[in-house]
Amino acid sequence: MAKIIYADNAATTAMSDRAIAAMTPYFKEVYGNPSSLHTVGQVAKEALDAAREQMAKCLNCEPREIYFTSGGSEADNQCIRSAALQGAKKGKKHIISTAFEHHAVLHTLKKLETEGFEVTYLDVHADGLVTVEEVKAAIRPDTALVTVMYANNEVGTIQPIAEIGAVCREAKVVFHTDAVQAVGHIPVDVKADNIDMLSLSAHKFHGPKGVGALYCKKGLPLLTFIEGGAQERGKRAGTENLAGVAGMAAALAEACENLRKNGEYLTRLREKLIDGLLKIPHSKLNGDRKARLPGNVNMCFEGIEGESLLLLLDAKGICASSGSACTSGSLDPSHVLLALGLPHEVAHGSLRLSLSEANTEEDIDYIIAEVPKVVEYLRSISPVWEDLEKGIRRHLI
Ligand SMILES: *Cc1c(COP(=O)(O)O)cnc(C)c1O
């Protein structure tokens, strides 16, 4: 098999050597249950505490404000449900979110709507951003929660989180952010960003899959999500995934140490890639070019199907995505691109390339050389493109 260029890091990342090395002792040498009172258990407990401390340092919070979960989806579910139910106790059953959240957030909100909650989904502008003014205008006396993602997983746009947090604090409304795409990639500081609750996931920053965490500001009540033992301060029962937690903490520490260097490197690759792909006629970049994750490129090419583009790129050794991993495989265009106001037929021709530090300048050159050929080929066999060429259909981009 020829060389593979992996450009789907928003779906998941390869583990770093440091994260793997941090995990291995917990499979055999340090196998204790952190709840056991004997030495073997206590050694495990110390490791758990150390990981929590390391995570807290990276996010600028206290260790006891971190709760380990099975990943980003669980953290989103627990934070949102918790804030909603606490609000309901005070008669507040209104929630504010956006139309382009991850499904872990959207589906939790949809479920809450069937349970008597009312949700306002803020429109996302064509640049992939929501404004703080719109959040402010949507807040009502009965608003229990505002949940706005830090950075979008498809178009990579970074929301004005600190400003939204400040507005929520002033209005005394709980503010949660799904920061799964942001943590480990751009600076995230729960204090400076005025965040009350946050979700993160290890496998998005070179840690292991199946482990994540939530941050819940001290003093803010947190609902018990899994009943059982007293683990995670009684909020999430179950013997801790010690190896996973150690791998996550090591991966986060490494990502935070290299945040600036990686950010600058990836931004350079991203800009080169965007410039290269924009040379394709009737193409466009989705989402604001500046307020975006360092490694995210999301483009639309008119007259083609994103799925066919992906398969042909895969045959050339380029692993990309047409949207989020959750929506690919279905024929509906991405709810994120539709939220940005793209017409269905344009949203269908989307391509997301999400880079990591493992990508090289040569990878970018190869992608820039290959994508136009594939787009041209697909257009040559596309009836839609033929109509566009003949002027039967109007070009939309
Ligand atoms: C990946 C992702 C999730 C889900 O995280 P898992 O750990 O895979 O459950 C949630 N939100 C966003 C924005 C993501 O990118």
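For the structure given in this document, a descriptive report is provided here. Source: prediction; values computed, not measured.

1. Points about a nonpolar patch on the surface
Taken together, the side chains of L312, Y377 and I381 present a nonpolar region at the surface, about 280 Å² in accessible area. Tracing the backbone shows Y377 in helix 12 (residues 361-380). A residue is classified by how much of its surface remains accessible, and Y377, at 45% relative accessible area, is partly exposed.

2. Focus: the environment of E101
Mapped onto the elements, E101 comes out in the loop between strand 3 (94-98) and helix 4 (103-114). Along the sequence, E101 and A320 sit 219 residues apart, while their C-alpha atoms lie 21 Å from each other. Apart from residues lying up to four places away in sequence, E101 is in contact with L106, T147, V148, M149 and H335. Among the polar contacts made by the side chain of E101, one reaches the side chain of T98 at a distance of 2.7 Å.

3. Examining the site of the ligand
Taken together, 13 residues lie near the ligand, and S73, D178, Q181, S201 and K204 sit nearest. Q181 places a side-chain nitrogen or oxygen 2.7 Å from an oxygen atom of the ligand. Residue K204 places a side-chain N or O atom 2.8 Å away from an oxygen atom belonging to the ligand. Considering the ligand on its own, with 380 Å² of exposed area, one finds that the protein chains cover 87% of that surface. No other element matches helix 3 (residues 72-89), which puts 3 residues into the shell around the ligand. Per-class residue counts for the shell around the ligand are 2 nonpolar, 8 polar and 3 charged.

Rules of the game
Residues numbered from 1 in each chain as written. Predicted model: local features only at pLDDT ≥ 70, side-chain atom pairs only at ≥ 80, totals over all residues. Heavy atoms only, no water. Patch = residues over 30% accessible without salt bridge, like charges linked within 9 Å, V, L, I, M, F, W, Y side chains within 5 Å. Areas by Shrake-Rupley, 256 points an atom, 1.4 Å probe, with all protein chains shown as cover. Salt bridge = Lys/Arg side-chain N within 4 Å of Asp/Glu carboxyl O. Helix = DSSP H or I, 4+ residues; strand = E, 2+ residues; numbered from the N terminus. Buried < 20%, exposed > 50% of the residue type's maximum accessible area, 1.4 Å probe, protein only. Contact = heavy atoms within 4.5 Å. Polar contact = N/O pair within 3.5 Å; in protein donor to acceptor, adjacent residues only side chain to side chain. Near = heavy atom within 4 Å. Nonpolar A, V, L, I, M, F, W, Y, C, P; charged D, E, K, R; others polar.

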